[in-house]
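Each chain, letter by letter, is given below.
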Amino acid sequence: MTQTPVFSIVAPIYNEIGNLPEFYRRVKVSLEQTSEAWELLLVDDGSTDGSTDMIRELAAGDPRVKPVIFARNFGHQLAVTAGLDYARGQAVVIIDSDLQDPPEVILDMIAKWREGYEVVYAVRSEREGETWFKLFTASVFYRLIYRITDVDIPMDTGDFRLLDRKVADVMRQMRERHRFLRGMSVWVGFKQTGVQYKRAARFSGSTKYPFKKMLRFASDAITSFSYFPLQVATYIGFIAAGGSILAIPVVILLRVLVSKAFLGQASTLIAVLFLGGVQLISLGILGEYIGRLYDEAKGRPLYIVREAPPKPE
Ligand code: UDP
Ligand code: MG
């Protein structure tokens, strides 16, 4: 058995065969500079491109590489969650495996951790090789999240961050299914700081977050940390009800003074359709929350592993 690692690196992998060897090499070069024991948890999130075998191969060549292999694709956030569950280090670093998060930045994070910070998140000062669409949606997303949630999630940070053992242990106790890890790691408190970095372009392959997954992720983020969408219906209801009460005397006066007023039905129809639409949207929003409640109530395991190292306690 290898000694207990000081640093655990957690990387989710979904069809990253073109990135894995280079990712492993750069993580190794960076971590070797710390002269501490480390482990690299490669969480295979149901890859179908041969990444799984490549992870096993890397693990066979280096006992510090530990494969956690899922039974199917569970999604990025759950893959990272599994990594946190299996990590043994005194500090745990979450990093993407497509080399958009440069492994060298881990050294800056470790330096901050040694100064006593318990969460060190990486702030993107620049982003390379992203489409304008991704940049635009990401920017809207971060600003929206910032405004409507109760936790002040720092702007332009991803999941690339270092968590002290204390924080990782608290996060391990938070078993919510629809998770927004970067929000959860702020919510826990502790001493937090950021390090700046330049987000690189993907080394190989293309994004595993199509628009549909991005929407799902955004709604998980919002519903996990905000009731605002539920309250919107109340606000609109008050505005509509207030408006219609005010309109009653106006309509009566107009009907009495101007005999031709309000003969048509178009205005009625528009009002009815508008309110019908608002009601359906509100029901849909309720549905989003209720569906998530239902998922939590079922209490299924968050992910299913096919093979994994022994779980710490
Ligand atoms: N990923 C995953 N499961 C998924 C989708 C993505 O484990 O269902 C991993 C992926 O391999 C990568 C990280 O999550 O290491 C971030 O995904 P990606 O780079 O595609 O997202 P983007 O950087 O484009 O937002
Ligand atoms: Mg990426």
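Residues numbered from 1 in each chain as written. Chains lettered and ligands numbered in written order. Predicted model: local features only at pLDDT ≥ 70, side-chain atom pairs only at ≥ 80, totals over all residues. Heavy atoms only, no water.

*Asks:* Is there a simple way to think about a nonpolar patch on the surface in this case?
*Replies:* A cluster of nonpolar side chains, contributed by I245, I248, V250, I252, L253, L254, V256, L257 and V258, occupies part of the molecular surface with about 880 Å² of accessible area. Of note, L254 is situated in helix α9 (residues 228–257). Among the residues examined, L254 registers a relative accessible area of 34% and is labelled partly exposed. (Patch = residues over 30% accessible without salt bridge, like charges linked within 9 Å, V, L, I, M, F, W, Y side chains within 5 Å. Areas by Shrake-Rupley, 256 points an atom, 1.4 Å probe, with all protein chains shown as cover. Salt bridge = Lys/Arg side-chain N within 4 Å of Asp/Glu carboxyl O. Helix = DSSP H or I, 4+ residues; strand = E, 2+ residues; numbered from the N terminus. Buried < 20%, exposed > 50% of the residue type's maximum accessible area, 1.4 Å probe, protein only.)

*Asks:* Which parts of the structure should I look at to understand the site of ligand 1?
*Replies:* Around ligand 1 sit 19 residues in total, of which E16, D45, D98, T207 and K208 are the nearest. Within the side chain of R199, an N or O atom sits 3.1 Å from an oxygen atom of ligand 1. Contact distances for ligand 1 include 3.0 Å between an oxygen atom and a side-chain N or O atom of R202. Coverage of ligand 1 by the protein amounts to 96% of the 530 Å² it exposes when considered alone. (Near = heavy atom within 4 Å. Polar contact = N/O pair within 3.5 Å; in protein donor to acceptor, adjacent residues only side chain to side chain.)

*Asks:* Mind showing me how you'd approach unusual backbone geometry here?
*Replies:* Excluding glycine, a negative phi dihedral is what most residues carry, and trans is how most peptide bonds are arranged. A positive phi angle is found at N15, which is not glycine, with a value near 55 degrees. Within the fold, N15 resides in the loop between β1 (7–13) and α1 (20–32). Even without being a glycine, S35 presents a positive backbone phi close to 50 degrees. Summarising the element assignment, S35 is placed in the loop between α1 and β2 (38–44).

*Asks:* Is there a simple way to think about helix α2 (residues 51–61) in this case?
*Replies:* In an α-helix there are 3.6 residues to a turn, and that puts residues three or four apart on one side. S51, T52, M54, I55, L58 and A59 are the residues of α2 that are buried. Along α2, the residues classed as buried sweep out an arc of 165 degrees about the axis, all on the same side. Exposed side chains of α2 directed beyond 90 degrees from the buried face belong to E57, A60 and G61. Those residues of α2 that are buried are in contact with β1, α1, β2 and β3 (65–70). (Arc of directions from axis to C-beta. Contact = heavy atoms within 4.5 Å.)

Take it as geometry only, folks, not as evidence of what the structure does.
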